[in-house]
Amino acid sequence: MADQSLLSESVLGWSIFTFILLVILAFCWVYIRKFQSRQESEVVSTITAICALAIALITSALLPVDIFLVSFMKYPNGTYKEWAANNETREQIEDTVLYGYYTLYSIILFCVFLWIPFVYFYYEERDDDNVNKCSQVKNALKYTVGFAIVCVVLLLIGAFVPLEAPPGQNSTQWEKVQYLFEELGSSHGLPPLSFSISTLTLIGMLAVITYTAYGMSVLPLNLIKGTRSVAYERLENTEDIDDVEHQIEKLKTKCKDGRPLSSRDRNNLQELEGKLQVLQRRGRHLEIAERNCCTKVGSALRPFKILLGIFFILVALLFTVALFISNLDKALHSAGISSGFIVFGTNLTNPLNELLLALQPVFPLDYILITVITMYFVVTSMAGIRNMGIWFFWIRLYKIRPKKTRPQALLFLCMILLLIVLHTSYMIYSLAPQYVMYGSQKYLVQSPMPSAGPTSGNATFGTTRICDADAPQDQCTVTRSYLFLHKFWFFSTIYYFGNWAFIVAFLIGLVVSCCRGKKSVIEGEVEADDSDLSDDEYVH
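What counts and what doesn't
Residues numbered from 1 in each chain as written. Predicted model: local features only at pLDDT ≥ 70, side-chain atom pairs only at ≥ 80, totals over all residues. Heavy atoms only, no water. Helix = DSSP H or I, 4+ residues; strand = E, 2+ residues; numbered from the N terminus. Buried < 20%, exposed > 50% of the residue type's maximum accessible area, 1.4 Å probe, protein only. Contact = heavy atoms within 4.5 Å. Areas by Shrake-Rupley, 256 points an atom, 1.4 Å probe, with all protein chains shown as cover. Pairing = 2+ DSSP bridges. Core = buried A, V, L, I, M, F, W, Y, C linked by side-chain atoms within 4.5 Å. Phe/Tyr/Trp six-rings, centres within 6.5 Å; stacked < 30°, edge-to-face > 60°. Salt bridge = Lys/Arg side-chain N within 4 Å of Asp/Glu carboxyl O. pLDDT = per-residue confidence, 0-100. Expected span 1.5 Å × (residues − 1). Patch = residues over 30% accessible without salt bridge, like charges linked within 9 Å, V, L, I, M, F, W, Y side chains within 5 Å. Lys, Arg positive; Asp, Glu negative; His and termini not counted. Charge placed at Lys NZ, Arg CZ, Asp CG, Glu CD. Disulfide = S-S within 2.5 Å. Axes fitted to C-alpha atoms, helices over the stretch in contact; angles between N-to-C directions. Parallel < 35°, antiparallel > 145°, perpendicular 65-115°, else oblique. Left-handed = near helix turned anticlockwise from the far one by under 90°. Nonpolar A, V, L, I, M, F, W, Y, C, P; charged D, E, K, R; others polar.

1. A word on the overall build of the chain
- Regarding its fold elements, the chain presents 16 helices and four strands.
- In the chain, buried positions account for 48% of the 540 residues.
- If you take every contact in the chain between residues at least 6 apart in sequence, the share linking residues at least 24 apart comes to 79%.
- For the chain, the accessible area works out to roughly 27500 Å², and carbon and sulfur atoms hold 64% of it.

Here it is, written out as structure tokens:
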């Protein structure tokens, strides 16, 4: 009977994960095809982008499954279910999740350090003339070797950085080396993988501060404000075309008698002709947008978009408040920098953590909410990248535009999302630390019953408590996600300060988004600084 219960519970958890997997694959295919360039689409880059994006989303979906499995081991009264009463069975289930993390994180390392760089440099080499396939592959491998070396160095550092005190000073050098290898073997390779992933998570933290923080503000406000009227934009564009044509005609009249134009006038004429081409292209795009049925459907769904935008901005504010309270709790009650600002349990009331705990009795609302939170970070990150483009410091490398995004830009997009998803797990832990550690687990505490007389004996009664750091180790199972997040204390310290930077970036993005007016209905389709790098092409 216990074996049947174990099988049914495991099948339920992994069935949900399989369903989410299929939904993710369908979404990735639609998303990549939506932004992919019509003229430069390639099979290899398309498959790579779809797989990389799918891996990012699947990794984020594993966290709710991890929480679900540890929570389902217990009844609401704090006792283990029959199939989970054996400690070996519980470890076997958690090891399955751990192997899932091993697999996905290893694939992420492979994608970030090998596959995506190789495909990216392969297409960069293709842009050069008179380069054959063999030379493309050779040059791409040459650049990819550098990324592979970085990956190996990170794995080696993670493998041999001692997490515990090494043998005493009286030990020989061989005993110290032997200790490092024994520690590596006893941890089943967790430290090197965790160190490499944590290093990538630091880069992901910068991407979260840049793109996700801005996306959390720009996405809801764009839904609330909507777009400008197509008819008004066409009228305004027509007036601009007439004005530029008048200026061009005025400059050309200066050379009707055969006199050459001055260098200043020639430069002005060249700028005006370029501006006229952009305005004419805008006119064609606006004309197509006015006839497009999607524009009319969007106008009909305007009330729904406003409600959705209000909901998103309230969720963003809730996340910001919860993150602020969590960081304040760490600042007040943790042991400081040397401990990575780790706090066991919650000392201040965290609204999101309390909401997740309150939803526990109504299955499966808490798991739905944690899944929605995870996907919300991914969607807002996509919105941030879509609105900002891909930058290297102050240099814009690529724009992300529907049907006009180059293969290299899509690969960059997917790599950034991979890094963002890695940091998302820590962000969710910061929002609801107790829930991410233990899920909805409770444990039973035996307390002595108040004595009514000298003959009452040593009677006890049991009370249930929510699992926290004070619970006995054999009564509460920690999620495997938490083990990955807090293997090295110095990473946790950097993440702590990164959370403060995220809050500041979100508030700045919120102010900037509020000050901006409505965006154009053809936002990003035609821009003055278009070049070959942005894959500018006409709409057919």
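Having put the structure on the table, let's press on.
2. Some words on the pairing of strand S2 (residues 395–398)
- Note that strand S1 (residues 390–392) and S2 share three bridges and pair antiparallel. Paired with Phe-392 across the strands is Ile-395, a residue of S2.
- Joining the antiparallel neighbours S1 and S2 is a turn of two residues, in which Phe-393 adopts a positive phi near 55°.

3. Quick look at the nonpolar core
- Within the largest apolar cluster, 125 residues are counted, with the highest numbers of intra-cluster contacts made by Phe-319, Ile-385 and Leu-418.
- Here this core takes 19 residues from helix H3 (residues 87–126), the largest share from any one element.
- Setting aside anything within four residues of it in sequence, one finds Ile-385 in contact with Tyr-211, Ile-390, Ile-400, Leu-413, Ile-416, Leu-417 and Ile-420.
- Counting nine residues, the second largest nonpolar core, distinct from the first, contains Val-244, Ile-248, Leu-272 and Leu-276.

4. Description of the packing of aromatic side chains
- Per the stated rule, a full pass over the model turns up 21 aromatic pairs.
- When the ring of Phe-121 is compared with that of Tyr-143, the centres are 5.0 Å apart and the planes differ by 35°; the resulting orientation is tilted. Taken together, the positions of Phe-121 in helix H3 and Tyr-143 in helix H4 (residues 133–160) put the pair 22 residues apart, joining distant regions of the chain.
- On the basis of relative accessible area, Phe-121 is assigned to the buried category, the value being 18%.
- Taken together, a centroid distance of 5.6 Å and an interplanar angle of 80° make the contact between Phe-324 and Trp-500 edge-to-face. Of this pair, Phe-324 sits in helix H10 (residues 302–333) while Trp-500 sits in helix H16 (residues 489–515), and the two are 176 residues apart along the sequence.
- Taking relative accessible area as the criterion, Phe-324 reaches 37% and is therefore assigned partly exposed.
- Among the aromatic side chains, those forming a connected cluster through ring pairs are Tyr-120, Phe-121, Tyr-143, Phe-147 and Phe-412.

5. Some details on the pattern of salt bridges
- The final tally for this structure, using the stated rule, is two salt bridges.
- Of the charged contacts in the structure, one is a salt bridge between Arg-228 and Glu-236, with a shortest N-O distance of 2.8 Å.
- For Arg-228, a relative accessible area of 26% translates into the label partly exposed.
- Judged by its relative accessible area of 29%, Glu-236 falls in the partly exposed class.
- Glu-233 is the partner of Arg-282 in a salt bridge, and the nearest nitrogen-oxygen pair spans 3.2 Å.

6. Considerations on the environment of Leu-397
- Along the chain, the position of Leu-397 falls in strand S2.
- Taking C-alpha positions, Leu-397 is 9.9 Å from Gln-408, a pair spaced 11 residues apart along the chain.

7. Considerations on the confidence of the model for the chain
- Of all residues in the chain, 81% have pLDDT values of 70 or greater, and the mean over the chain is 77.
- Below a pLDDT of 50 lies the segment residues 165–171, which in the model reaches seven contacts outside its immediate sequence neighbourhood of four places, other chains included.
- Under a pLDDT of 50 for its full length, residues 173–186 has, in the predicted model, 17 contacts with residues more than four places off or in other chains.

8. Concerning the environment of Ile-306
- On the secondary structure map, Ile-306 appears in helix H10.
- Relative accessible area serves as the criterion here: at 29%, Ile-306 is assigned to the partly exposed category.
- Linking Ile-306 and Gly-226, residues 80 residues apart in sequence, is a C-alpha distance of 8.1 Å.
- Here Ile-306 is in contact with Leu-223 and Ile-224, once residues within four sequence places are set aside.

9. What about helix H2 (residues 43–71)?
- Between its first and last C-alpha atoms H2 spans 42 Å; for 29 residues at 1.5 Å apiece the expected length is 42 Å, and the two agree.
- Counting buried positions over the 29 residues of H2 gives 25, a clear majority of the element.

10. With respect to a negative patch on the surface
- Taken together, Glu-239, Asp-240, Asp-242, Asp-243 and Glu-245 make up a surface patch of like negative charges.
- You can see Glu-245 is positioned in helix H7 (residues 230–252).

11. Regarding the state of the cysteines
- The final tally for this structure, using the stated rule, is zero disulfides.
- Cysteine Cys-51 is unpaired, with the sulfur of Cys-111 as its nearest cysteine sulfur at 7.8 Å.
- The class of Cys-51 is partly exposed, set by a relative accessible area of 40%.
- This cysteine, Cys-514, is not joined by any disulfide, and Cys-515 carries the nearest cysteine sulfur, 6.7 Å off.

12. Observations regarding the side chain of Ser-71
- For Ser-71, the location among the structural elements is in helix H2.
- With a relative accessible area of 5%, Ser-71 lands in the buried category.
- Beyond its immediate stretch of four places on either side in the chain, Ser-71 contacts Tyr-367, Tyr-438, Gly-439, Ser-440 and Gln-441.

13. Structural notes on a nonpolar patch on the surface
- The grouping of Val-43, Val-44, Ile-47, Phe-110, Leu-114 and Trp-115 at the surface amounts to a nonpolar patch, some 540 Å² of accessible area in total.
- At the level of elements, H2 and H3 are the ones that each hand at least two residues to the nonpolar patch.
- Following the sequence through the fold, Ile-47 ends up in helix H2.

14. Let's talk about the packing of helix H12 (residues 365–388) against helix H13 (residues 407–431)
- With their axes 10 Å apart at the nearest point, H12 and H13 run at an angle of 140° to one another. One element, H12, and the other, H13, form an angle in the oblique class. Both H12 and H13 take part in a crossing whose hand is right-handed. The segment H12 lies against H13, with Ile-370, Ile-373, Thr-374, Phe-377, Val-378, Ser-381, Met-382 and Ile-385 engaging Leu-413, Ile-416, Leu-417, Ile-420, Val-421, Thr-424, Met-427, Ile-428 and Leu-431.
- Of the residues in the contact of H12 with H13, the class split is 14 nonpolar, three polar and no charged.

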